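Coordinate inspection notes
For reference, the chains in residue letters:
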Amino acid sequence: MNLALGPYGEGAETLLHGEFGAYPSKGSRYALSLTQMALHIQRLVPKPETDQRTVVPLAEVVGCHTLRSRAPTDRAAYFSVYAYPLKKRKVAVGLGRGRQRAARTFQVDGADDYEKNQAVAEKWAAAIKCLVLGIPVSSETEIAPSLLPRPRRLLLLLNPFGGRGLALQWCQTHVLPMITEADISFNLIQTERPNHARELVKGINLAEWDGIVAISGDGLLYEVLNGLMERHDWEEAIKMPVGILPSGSGNALAGAINCNAGLEQVLGLELLLNCTLLLCHAAVAPLDLVAITMASGARCFSCLSVAWGFVSDVDIESEKYRHMGAARFTLGTLVRLASMHTYRGRLSYLPATDATTHRPISRSITVAPNGHLPLQRLPLHRALSDMGLCEERHAFRGAEPAPVPCPSPGSPPPSSASILPPPSFSFEPGPGELLAGGAGEARVGGPPDELLVPLGQPVPGSWMTVEDNFVLVLAIYQSHLGADLFTAPFARFDDGLIHLCFIKAGISRAALIRLFLAMEKGSHFEQECPHLVHVPVRAFRLEPLTRKGILTVDGERVEYGPIQGQVHQGLARLITGVNRLKIASG
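**Some thoughts on the overall build of the protein**
In terms of helices and strands, the protein carries 10 helices and 24 strands. Taken across its 586 residues, the protein has 57% of its residues classed as buried. Working note: accessible area of the protein is about 24200 Å², and carbon and sulfur atoms make up 54% of it.

What follows is the structure, given as structure tokens:
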């Protein structure tokens, strides 16, 4: 049994070992060793002065493709490994590191016959893909392309006006090339108006897709989840894995996904690259949803938070600064601090008496809930992945694609290794892409709220009630309120808890600022501020007693008045990309 050395393989079993050439470095030879955690590369020719090797953590790898030379006389086969390591740390404190593409192509030339070389290349590609996707393999496994599932098919929904309007540009430049290297087939649709995504997911044939991904802020995913819950088959529909690639102002869920993977705090494009890398790793986790009921009887499902007071005021009032991106919330916070309001209200809740709360952990990861812009009407854009975005495929002709299970009739074709034109955009949906099912009155399905009574009735006797003047009330169920606001560091995706946080009147502006600054690192509870209260609950009711105010659900403004909610543990499925591999963070 071979053992690999180094930080990502010390004492680990070597699954594959081989000696290969390199492309385009003619004459170079390398020894490759593959373990469960990393690809180890050691140069043999020309011989290095020191025993130095390159370690490529598989947590940074998105895919591996087999290739064939365009020269008909070349009997060698090739495989390319696509990784996105962190850039070298910048000297300036506080600057993110970002990720850069690093593709390595190796020449398999141990046999005089192309088919034999190709079989070796396919074996290495299959092993690397299995490990990236969390498919168990060992040295005893007969590694072959047949171990792999068919390529995933994702429906990408993009809000072109989210954040500073860079979503489409970032998607074309960064997201599509990376997921293409991960063998992911996709259709890309730009949303045209508010609730467009909600309407789409209510009508599509979910059997055609392996996941739905929002390329936007948090608001678009809110639409997707509620569209799924409005379907007649909601019990199965809500099991559809959903993901988010952050390109809006409020990227709270993306911040939580980033933190869950053990990554350092980043914003903007760096956060998008991290989340795209995690998306390529496919792992899915249960996600709590909270059923929210309002005074009118309207019911919706929330995956982030309900806010009243300071947070919701900043969220909605900063809409006028949307062109600033996430910086709008900083300015909005300063403006609101200058005229800080308090609100009279009655807050009732069912304590989670069996909950094990965790003290905040020391991680950096801030505020940025999301809102809507009036969307311009655009044509419907659609694209299908064809693997044409990888640079290496322009230098080689595609090798024979690995055999995969056949998709169901009418589904998009799987990605192949052939060189095809770049993805094209057309202006109409494909046949059968949208099924019948129109606008009309939305009726949300979902499990019954057995912990709640109608808003017009008193809360049950087992509940606790606080009536006071509040600066803010926040019911949050994820760790983040924004990409860099680590509001509930003890929250988990499926802990079955609503973390009820409220700040009572009497706090000074200076103390409030200190809390928000500490919140960037998740250390605000360590300050033991007497005005800040945290209670883990299963259900809550908020009754505003101040006539005017703003209520938000997942950053979206809702009707003002009494509101209540109950958590439904693990109801949805979230693409987190975290399996046994740990994404490198430093």
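**What to know about the packing of helix H3 (residues 196–203) against helix H4 (residues 218–229)**
As a packed pair, H3 and H4 sit with axes 8 Å apart at the nearest point and diverge in direction by 30 degrees. As for how H3 packs across H4, the hand of that crossing is right-handed. Across the interface between the two elements, His 196, Ala 197, Arg 198, Val 201 and Lys 202 of H3 pack against Leu 220, Tyr 222, Glu 223, Val 224, Asn 226, Gly 227 and Leu 228 of H4. Classifying every residue of the contact of H3 with H4 gives six nonpolar, three polar and three charged.

**A look at the packing of aromatic side chains**
The full count for this structure, using the stated rule, is 11 aromatic pairs. Geometrically, the ring pair formed by Trp 308 and Tyr 343 is tilted, given 5.5 Å between the ring centres and 50 degrees between the ring planes. In this pair, Trp 308 sits in strand E16 (residues 305–309) while Tyr 343 sits in strand E17 (residues 343–351), placing the two residues 35 residues apart along the sequence. On the accessibility criterion, Trp 308 (1% relative accessible area) is buried. Ring geometry for Phe 470 versus Phe 502: centroids 5.6 Å apart, planes at 90 degrees, classification edge-to-face. In this pair, Phe 470 is assigned in strand E19 (residues 464–476) and Phe 502 in strand E20 (residues 498–504), connecting sequence segments 32 residues apart. Among the residues examined, Phe 470 registers a relative accessible area of 1% and is labelled buried. Above the plane of the ring of Tyr 114 lies Arg 68, whose end atom (NZ or CZ) is 3.8 Å from the centre.

**Comments concerning the pattern of salt bridges**
The tally for this structure, following the rule as stated, stands at 16 salt bridges. Glu 181 is the partner of Arg 101 in a salt bridge, and the nearest nitrogen-oxygen pair spans 2.7 Å. Of this pair, Arg 101 sits in the loop between strand E8 (77–83) and strand E9 (102–108) while Glu 181 sits in helix H2 (residues 167–181); the two residues are 80 residues apart in sequence, bridging distant segments of the chain. A relative accessible area of 1% places Glu 181 in the buried class. Several salt bridges converge on common partners, so that one network encompasses Arg 344, Arg 346, Glu 467 and Glu 543.

**Side note on the nonpolar core**
In this structure, Leu 157 and Ile 212 are the most contacted members of the largest nonpolar core, which totals 71 residues. Examining the composition of this core, we find that eight residues originate from one element, helix H7 (residues 268–280), more than from any other. The contacts of Ile 212, once residues within four sequence positions are left out, are Leu 155, Leu 157, Val 201, Ile 204, Leu 206, Val 224, Leu 228, Met 240, Pro 241, Val 242 and Gly 243. Tyr 30, Leu 58, Val 81 and Val 137 belong to the second-largest nonpolar core, a separate cluster that totals 32 residues.

**Points about the side chain of Asn 226**
Note that Asn 226 resides in helix H4. A polar contact of 2.8 Å, which involves the side chain of Asn 226, links it to the backbone nitrogen of Phe 301. Ignoring anything within four residues of it in the chain, the contact list for Asn 226 reads Arg 198, Cys 300 and Phe 301.

**Topic: the confidence of the model for the protein**
Across the protein, pLDDT averages 81, with 76% of residues at or above 70. Note that pLDDT drops below 50 for residues 91–95; the model gives that stretch one contact with residues more than four away or on any other chain. In the predicted structure, residues 400–442 sits below a pLDDT of 50 and forms 97 contacts with residues beyond four places in sequence or in another chain.

What counts and how
Residues numbered from 1 in each chain as written. Predicted model: local features only at pLDDT ≥ 70, side-chain atom pairs only at ≥ 80, totals over all residues. Heavy atoms only, no water. Helix = DSSP H or I, 4+ residues; strand = E, 2+ residues; numbered from the N terminus. Buried < 20%, exposed > 50% of the residue type's maximum accessible area, 1.4 Å probe, protein only. Areas by Shrake-Rupley, 256 points an atom, 1.4 Å probe, with all protein chains shown as cover. Axes fitted to C-alpha atoms, helices over the stretch in contact; angles between N-to-C directions. Left-handed = near helix turned anticlockwise from the far one by under 90°. Contact = heavy atoms within 4.5 Å. Nonpolar A, V, L, I, M, F, W, Y, C, P; charged D, E, K, R; others polar. Phe/Tyr/Trp six-rings, centres within 6.5 Å; stacked < 30°, edge-to-face > 60°. Lys NZ or Arg CZ within 6 Å of the ring centre and 35° of its normal. Salt bridge = Lys/Arg side-chain N within 4 Å of Asp/Glu carboxyl O. Core = buried A, V, L, I, M, F, W, Y, C linked by side-chain atoms within 4.5 Å. Polar contact = N/O pair within 3.5 Å; in protein donor to acceptor, adjacent residues only side chain to side chain. pLDDT = per-residue confidence, 0-100.

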